[in-house]
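Chains, contacts and geometry: an overview
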Protein chains: 2
Amino acid sequence: MNLQQFRFVRETIRRNFNLTEAARSLYTSQPGVSKAIIEFEDELGIKIFERHGKRIKGLTKPGQAVAQVIERIMLEVDNLKRVSDEFAREDEGSLTIGCTHTQARYLLPRVIPAFRERFPKVRLQLAEGDPVTLARMVLHEQADMAIATETLARTPGLATLPVYEWEHTIVIRPDHPLAELRSSAARAISLEQVAAYPIVTYDRAFTGRSSIDAVFAKKGIQPDIVLEAIDADVIKTYVDVGLGIGIIAGIAFDPRRDKGLIGLPAGHLFGSHTARVAVKSGVFLRDYVYVLIEMLAPHLTRDMVQEAVENSGVVEA
Amino acid sequence: MNLQQFRFVRETIRRNFNLTEAARSLYTSQPGVSKAIIEFEDELGIKIFERHGKRIKGLTKPGQAVAQVIERIMLEVDNLKRVSDEFAREDEGSLTIGCTHTQARYLLPRVIPAFRERFPKVRLQLAEGDPVTLARMVLHEQADMAIATETLARTPGLATLPVYEWEHTIVIRPDHPLAELRSSAARAISLEQVAAYPIVTYDRAFTGRSSIDAVFAKKGIQPDIVLEAIDADVIKTYVDVGLGIGIIAGIAFDPRRDKGLIGLPAGHLFGSHTARVAVKSGVFLRDYVYVLIEMLAPHLTRDMVQEAVENSGVVEA
DNA sequence: GCCAATTACGCACACCGTAAATATT
DNA sequence: AATATTTACGGTGTGCGTAATTGGC
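Now for a description of the structure that goes with this document. What you see is a predicted model; the values in this text were computed from it and never measured.

In this assembly, 25 residues from chain A lie in contact with 25 residues from chain B. Across the interface of chain A and chain B, roughly 2,200 Å² is buried in total on both sides, 83% from carbon and sulfur atoms. Our count for the contact surface shared by chain A and chain B stands at 2 salt bridges. For the salt bridge of Glu76(B) with Arg72(A), the shortest nitrogen-to-oxygen distance reads 2.7 Å. Among the elements that take part in the side of chain A that touches chain B, helix H4 (residues 61–88) of chain A stands out by supplying 17 residues, more than any other. Tallied by class, residues from the side of chain A that touches chain B come to 17 nonpolar, 4 polar and 4 charged.

Take a look at the structure:
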C-alpha cells in the first residue's frame, strides 16, 4: 500500500475511469497505473473498479467506500505540503481570491494595500466570477478563498463565515423625480414608487439580485428592468446617462466619488444581506489567509476560522 | 514522501522520541528510520524534530503541525484496511468490547447470544477494566468500543452515545431492619438511614461510585464503607453473609435470581446515571459494530452513530 | 479494426540492513 | 563509558518504462 496507488485510484476516478488519461495526467506509463491498481486491489482483497472484461466502468461498492477514504487521505497529504511550506517560506506563497466584481472593486481595495505591505512576497490573484462558479473554484482548489453573498453558505464542503452585512442602495440622477426623497424621508420610498421607473440592476446570478426579484414577485409587482449588468460601475454609468434608476449594493455607492448621483438606502425594501467568505473545509490554510480574513472582518478571529474549517462549519451571521 | 515515513514519524513521537525504540516496534532497522525521517524533513524543507546535536528531544513547531496531519492520514490509512475487510469478509472479523464488570455480567448477556447468532464468525473479546482504562483502550484502538458510565463522555477523541439510564439499588438481607421499608414506602428511605449501617459498595473507580461519595459528602455524612469491590456479585455475597448493606447498580439486582436478598430502589438518593457506549471518533466501524450498538439500544440507529463518529460528537442523553 | 487494459520483461534505483563513525549524557 | 543518532556501503526487491498481448466496442 502506498501513496502512489492512492493517487492512481483518485486520478482514474477523476478522469472518468480512463486509465490512459489518468496515467498521462500523472506523467507516468499506463501499464504502471494498471499494475499498481491491481496490486492495490489484491492487497485489500477487494475490487475497487467495476470491470466489463478489461474495460473499467465505474466503482464497485467497496470501491466507493475506499475512494472516500482515499480522498480524505490525499487531502491531508496535500495539507502536509502546505503545512511545511508555511514554515519553510513563512511569508511567501500565492493567494487566489475568488470574488464577485463588487467585492473586487469596493471591498478588497480597503484591505489589499495593508495586506501587500504585511506580506510583500505573497503573489495575489483575483479571480472574478459568479457565486456558483466561485464556490466550485474553492471546492476544486483553484481559489484559496471566495467572497460573495449568495450560494456560498449552502455549498457542502465549504466552510463559510459572515464578513459584513449590507443593504441595497437605489441610485438616481439629481434631476430624477425621486430625488426629492433624498433628505429626510428617504426611508419612506415604497416599492411601488421604485417600480414606476425603468430599472438598471445586477445580472441574475449576482449580489442579491434574487432577493430583489423575490420582493417584487411577492408584492405582485412587475418591475421594468431595462438593463442587467454584473457590476455597479456599469449600472451607475447607465443611470447617469438617464436609462433609469439603479439598484446596487450599498457598498458600491460612495457619495464622494459618485458626485453626479444620489443614493437612497433601500434596506427597508430589499432586506439585509450577508457577504460571506468561503474556504474549503479540511484544508490547511496559510497564515496569511487567516490574516487577510481578519483584515476583512476583525470579528473573524483565527480561532473562529480554524474551527469552521476543521468542522466544515457554516458560521451563521 | 511515502507512508513509511509517516509511520516512522508517528512511532518516534509515540515512543517518546526514541528512534531505537520506534525502529524496534516497527520491526525495522534504526538507521533506516533515521534516514527516512531525514529525507522526509528534507523533502518538506522543514525540521520535524528538535535535535540537540544528535539527540532527538521533541517536536519543532512545524513538526507539531505535521504530526497532527500525519496522525489523521494514518487514521484514514487504517480505515482503508477496515473498509476493505468489511467487504472482503463481510461478517468475519473480531470485536473487542471494553466494559466494566457490571456491563459484562448484566447488560451484555442480554444481547450477545443474538449477536452471535447473527455474526457467528465474529471473534468476540470482552476486556474488563475501569472507565478510565476503557477510554484509553478505545483511544489506542485496543478495544473497538467501550461501555461504562463514568468518564467516557468527557474523553476527547471519543464519540459517545447514551445506552440506558439507571439508578442505584440498595441490597439488604430480609432480616435487616431496613427490610420493613420493602413494600410501599421504599422510596422514603433516607440517606441518614442508609448511613446508619455498614456499607458494601463499588470500588472508587467504578459505576457511579463517585456520585455516592458526592451525595454523602454534600450532606456532611460520613458513611461507614466496610468493603469495596469492583463487581456486584461480590458485593451481594458479602451482604448475604451479613457484612452490611449493599449499594449496587440497579441492573445488577434481579429479584428472581437474588432470592435471598431484598432490593430497595435508591434513585431518589443517588440520582440517575447514564451508561454510554464509546467508540473512537474518525474510525471506520465494521457493520457488526453498528448492529451490536443498535441491539444494545434500539434508539441508537446506524445513522446516529455514524454521525457521532464522523463529527467526534458526544450525543447527550 | 481501433482503442483500452493487462501481461511480460528488463533495468535502475530506492529501500533497508549491517557495519562503522560520531555525538550526547 | 554507555547510549543514541547519523554516515557509509552493499545487496535485494520493487517500481516503472517499453514492448507485446488480450479483450471490448
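In the vicinity of DNA strand D, 20 residues are found, and the nearest of them are Ser29(A), Lys54(A), Ser34(B), Arg51(B) and Lys54(B). In the model, a phosphate oxygen of DNA strand D is placed 2.7 Å from a nitrogen or oxygen of the Ser29(A) side chain. Measuring from a phosphate oxygen of DNA strand D, one finds a backbone N or O atom of Leu19(B) at 3.1 Å. Looking at the surface near DNA strand D, the elements with two or more residues in it are strand S2 (55–59) of chain A together with helix H2 (19–25) and helix H3 (30–44) of chain B.

Before going further, it helps to examine unusual backbone geometry. All names here are of chain A. Although it is not a glycine, Asn16 adopts a positive phi angle of roughly 55 degrees. Mapped onto the fold, Asn16 is located in the loop between helix H1 (3–14) and helix H2 (19–25). Of the residues examined, Asn16 reaches a relative accessible area of 64% and is grouped as exposed.

Residue and element names in this part refer to chain B. For strand S11 (residues 272–280), the tally of buried residues reaches 8 of 9 residues, placing the bulk of the element in the interior. As judged from the 3 bridges shared by strand S5 (residues 145–148) and S11, these two strands associate in the antiparallel manner. Each bridged residue has a counterpart across the sheet, and for Ala148 the counterpart in S11 is Arg276. Pairing geometry for strand S6 (residues 158–172) and S11, over 9 bridges, is antiparallel. Bridge assignment links Leu158 to a residue of S11, and that residue is Lys280.

Moving on to the protein's contact with DNA strand C. Taken together, 21 residues are adjacent to DNA strand C, and Thr20(A), Ser34(A), Arg51(A), Lys54(A) and Thr28(B) come closest. When the atoms of DNA strand C within 4 Å of the protein are grouped by moiety, sugar and phosphate amount to 68% of the total. Ser29(B) is positioned such that a nitrogen or oxygen atom in its backbone is 2.7 Å from a phosphate oxygen of DNA strand C. Listed by contribution, the elements that provide at least two residues to the surface near DNA strand C are H2 and helix H3 (30–44) of chain A together with strand S2 (55–59) of chain B. Element by element, the count of residues in the surface near DNA strand C is highest for H3(A), at 4 residues.

So, on to the pairing of strand S10 (residues 262–265) of chain B. Residue and element names in this part refer to chain B. A one-sided burial pattern is seen for S10, the buried positions being Ile262 and Leu264 and the unburied ones Gly263 and Pro265. When S6 meets S10, the two strands line up antiparallel, connected through 4 bridges. Within S10, the position partnered with Ile170 by the bridge is Leu264.

Parameters at a glance
- Along each chain, numbering runs from 1 in the same order as the chain's sequence is written.
- Chains and ligands are labelled sequentially in the order written, the chains with letters from A and the ligands with numbers from 1.
- Local features are withheld for residues below a pLDDT of 70 in this predicted model, meaning they are given only at 70 or higher, and side-chain atom pairs are given and counted only at 80 or more; totals for whole chains, interfaces and linings count all residues.
- Side-chain descriptors were evaluated using all non-hydrogen atoms of the structure, hydrogens and water having been removed beforehand.
- Contacts are assigned to residue pairs that have any heavy atoms within 4.5 Å of one another.
- As used here, buried area is the combined drop in accessible area, with a 1.4 Å probe, of two parts when they are placed together.
- Should a side-chain nitrogen of Lys or Arg be within 4 Å of a carboxyl oxygen of Asp or Glu, the pair is scored as a salt bridge.
- Strands here are runs of E lasting at least two residues and helices are runs of H or I lasting at least four, both read from the DSSP assignment and numbered beginning at the N terminus.
- Ten residues, namely Ala, Val, Leu, Ile, Met, Phe, Trp, Tyr, Cys and Pro, are considered nonpolar, four, namely Asp, Glu, Lys and Arg, are considered charged, and the remaining ones, Gly among them, are considered polar.
- One heavy atom within 4 Å of a molecule or strand makes the whole residue count as near it.
- Any N or O atom pair separated by 3.5 Å or less is treated as a polar contact, with the protein-specific requirement of one donor-capable and one acceptor-capable atom, and with residues adjacent in sequence counted only for side-chain atom pairs.
- In this scheme, a residue with accessible area under 20% of its type's maximum is buried, one over 50% is exposed, and one in between is partly exposed, where area comes from a 1.4 Å probe on protein chains only.
- Any two strands between which DSSP finds at least two bridges are classified as paired.

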